[in-house]
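Observations on the three-dimensional arrangement
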Amino acid sequence: MKDTTAEIVFTLPAAMGGVASFNFNLINTASLKGTITTRVILIKAKEDTRPVFTDQFDVDDFFVFEYSYQENQYFVCKRLEKLIGKKKGAVVCDNALTIQCCKLFNNPKTLFHLIHDYFYVKQNVFFDRAIDVAVAHSSFFSDSVFAASPTSFANRIFYIPYGVKQHQQMPVKESGQPLKLFFLGRLDHGKGVEKLIDIENKLKAKAIDVEWTVIGMGKLESEIKQQWNGKTNVSFEKPQSSVDVYNVLLKQDVFVFPTEFEGTPVSIMEALSNANVVIVSDLPGGIRDMVTTDVGYRVSINNTIDFANQLELLHKDRALLKTLQENAWQKAVNNFNAEKNSDKYFELFLRFDEFKRKNTSPSKIRLNYLDKPYFPNVMVKLIRKILSKKI
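What counts as what
Residues numbered from 1 in each chain as written. Predicted model: local features only at pLDDT ≥ 70, side-chain atom pairs only at ≥ 80, totals over all residues. Heavy atoms only, no water. Phe/Tyr/Trp six-rings, centres within 6.5 Å; stacked < 30°, edge-to-face > 60°. Buried < 20%, exposed > 50% of the residue type's maximum accessible area, 1.4 Å probe, protein only. Helix = DSSP H or I, 4+ residues; strand = E, 2+ residues; numbered from the N terminus. Salt bridge = Lys/Arg side-chain N within 4 Å of Asp/Glu carboxyl O. Axes fitted to C-alpha atoms, helices over the stretch in contact; angles between N-to-C directions. Parallel < 35°, antiparallel > 145°, perpendicular 65-115°, else oblique. Left-handed = near helix turned anticlockwise from the far one by under 90°. Contact = heavy atoms within 4.5 Å. 1 Å grid on protein atoms, 1.4 Å probe; cavity = no way out; pocket = protein on both sides within 12 Å on 5 of 7 lines; lining within 4 Å. Points joined across faces, edges and corners; volume = space filled by probe spheres on them. Nonpolar A, V, L, I, M, F, W, Y, C, P; charged D, E, K, R; others polar. Polar contact = N/O pair within 3.5 Å; in protein donor to acceptor, adjacent residues only side chain to side chain.

**Focus on the packing of aromatic side chains**
What characterises a pair of aromatic rings is the spacing of the ring centres plus the angle enclosed by the ring planes. This structure, assessed with the given rule, holds 24 aromatic pairs. With a centroid separation of 6.1 Å and an interplanar angle of 20°, the aromatic rings of Phe-57 and Phe-62 are classed as stacked. Residue Phe-62 is classed as partly exposed on the basis of its relative accessible area, which comes to 41%. Ring centres 4.9 Å apart and planes at 10° place the aromatic pair Phe-182 and Phe-255 in the stacked group. Here Phe-182 is found in strand β8 (residues 179–184), whereas its partner Phe-255 is found in strand β11 (residues 254–257), with 73 residues between them in sequence.

Here is the structure:
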């Protein structure tokens, strides 16, 4: 029977990307979700122009919380905290706005902070004991939180791998030429999408023909399409759901990901689950947990020559390609099963009574001089609107 006296509330940015995909896979595949009321709040700043995450969360209640950076953030926090509610339970988040609102108004729920990459480690260090529990899906970032604040997070930092949807049987890959390469991620500089054309040109110089699929949306879309203008071996895809993403990945061979900043990319797990070899920048964190020599290659950052060299190797040795693809699928099944790993997260969240901090020191709140309860919201928005026009 479902416990209706307590609840788990997830708050996350409404933007399409790895954070939203992580929460979606975690929530929608956990069987333990049925034991307690579960709610999702997507946080959407009006100034945020990133594509909105549109997949449907399987929860008891779902809300989109909209606000503006120009508002008095005290009143923004007050509205959000009211939406989170005063029932006992857990708040699961990765954003400063939620942490601030829960501590500013002394919300009774236990605060679980998700650590995706080093940005969130720094966030954790700043808020420190305002956070009850930290949860990382990379051993590297779990160790980083503990190393940064061992007195605050001894027995309160957990490393739990997460997962994505798995195929019961290995996907069938078409043999033959050419290699089918893909990029999956936001189309911005941090993800390295602008480096793909350099890899393509290096492959052409080696007389290697490949097919490219660029999957994603972002501010560089027009620039990237201009880079590839005149090329007939590239297509651009904008899947509207996780199902659509998988339908594209099933037809690919190799995930090419020259990213510059990552935590534990969902895209790598999705690639492995669809029996794709991964070639990715060698960055500390979840990449090193997932991409080992039996499933792909890690190359030094910004080294497009090495990306092209590894692709040349797979182009020439199709037996090696097939072996790595089989290993990729098997590794995903063994290690990144969403149903199993998601329940491990919920097992932790359901221990909310155990981890609620008592008598914590005053919380750090990132509110500036205009974000005070005695300044009317209308006045603050007007002042910030005027100031923004002067910049």
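**Side note on the pattern of salt bridges**
Inspection of every chain in the model, using the stated rule, returns 24 salt bridges. Across the pair Asp-60 and Lys-2 runs a salt bridge whose closest N-O atoms are separated by 2.8 Å. Within this pair, whereas Asp-60 is found in the loop between β2 (36–45) and β3 (61–67), its partner Lys-2 is found in the segment before β1 (3–13), the two being separated by 58 residues in sequence. Glu-200 is the salt-bridge partner of Lys-231, the closest N and O atoms lying 3.3 Å from each other. Taken together, the positions of Lys-231 in the loop between α8 (221–227) and β10 (234–237) and Glu-200 in helix α7 (residues 196–205) put the pair 31 residues apart, joining distant regions of the chain. Glu-200 sits in the buried class, given a relative accessible area of 1%. Put simply, Glu-7, Arg-39 and Lys-109 are held in one network by salt bridges that share partners.

**Quick notes on the packing of helix α4 (residues 118–127) against helix α5 (residues 139–148)**
At a minimum axis separation of 10 Å, α4 and α5 run at an interaxial angle of 25°. Between α4 and α5, the crossing angle belongs to the class labelled roughly parallel. For the element pair α4 and α5, the recorded crossing hand is right-handed. Packed against α4, whose contacting residues are Tyr-118, Val-121, Asn-124 and Val-125, the element α5 presents Phe-141, Ser-144, Val-145 and Ala-148 at the interface.

**Considering the layout of surface pockets**
Taken as a whole, the second largest pocket spans an internal volume of roughly 260 Å³. Forming the walls of the second largest pocket are 15 residues, and the residues nearest its centre are Lys-173, Glu-174, Ser-175, Lys-322 and Gln-325. For the lining of the second largest pocket, the element with the highest residue contribution is helix α13 (residues 318–335), accounting for 4 residues. Among the residues making up the lining of the second largest pocket, the classes are represented as 5 nonpolar, 4 polar and 6 charged.

**Focus: the environment of Asp-128**
The topology assignment puts Asp-128 in the loop between α4 and β6 (133–136). When the C-alpha atoms of Asp-128 and Pro-51 are compared, they prove to be 31 Å apart, with 77 residues separating the residues in sequence. Once residues within four sequence positions are removed from consideration, Asp-128 is found in contact with Ser-149, Ser-152 and Phe-153. There is a polar contact of 2.9 Å between the side chain of Asp-128 and the side chain of Ser-149.

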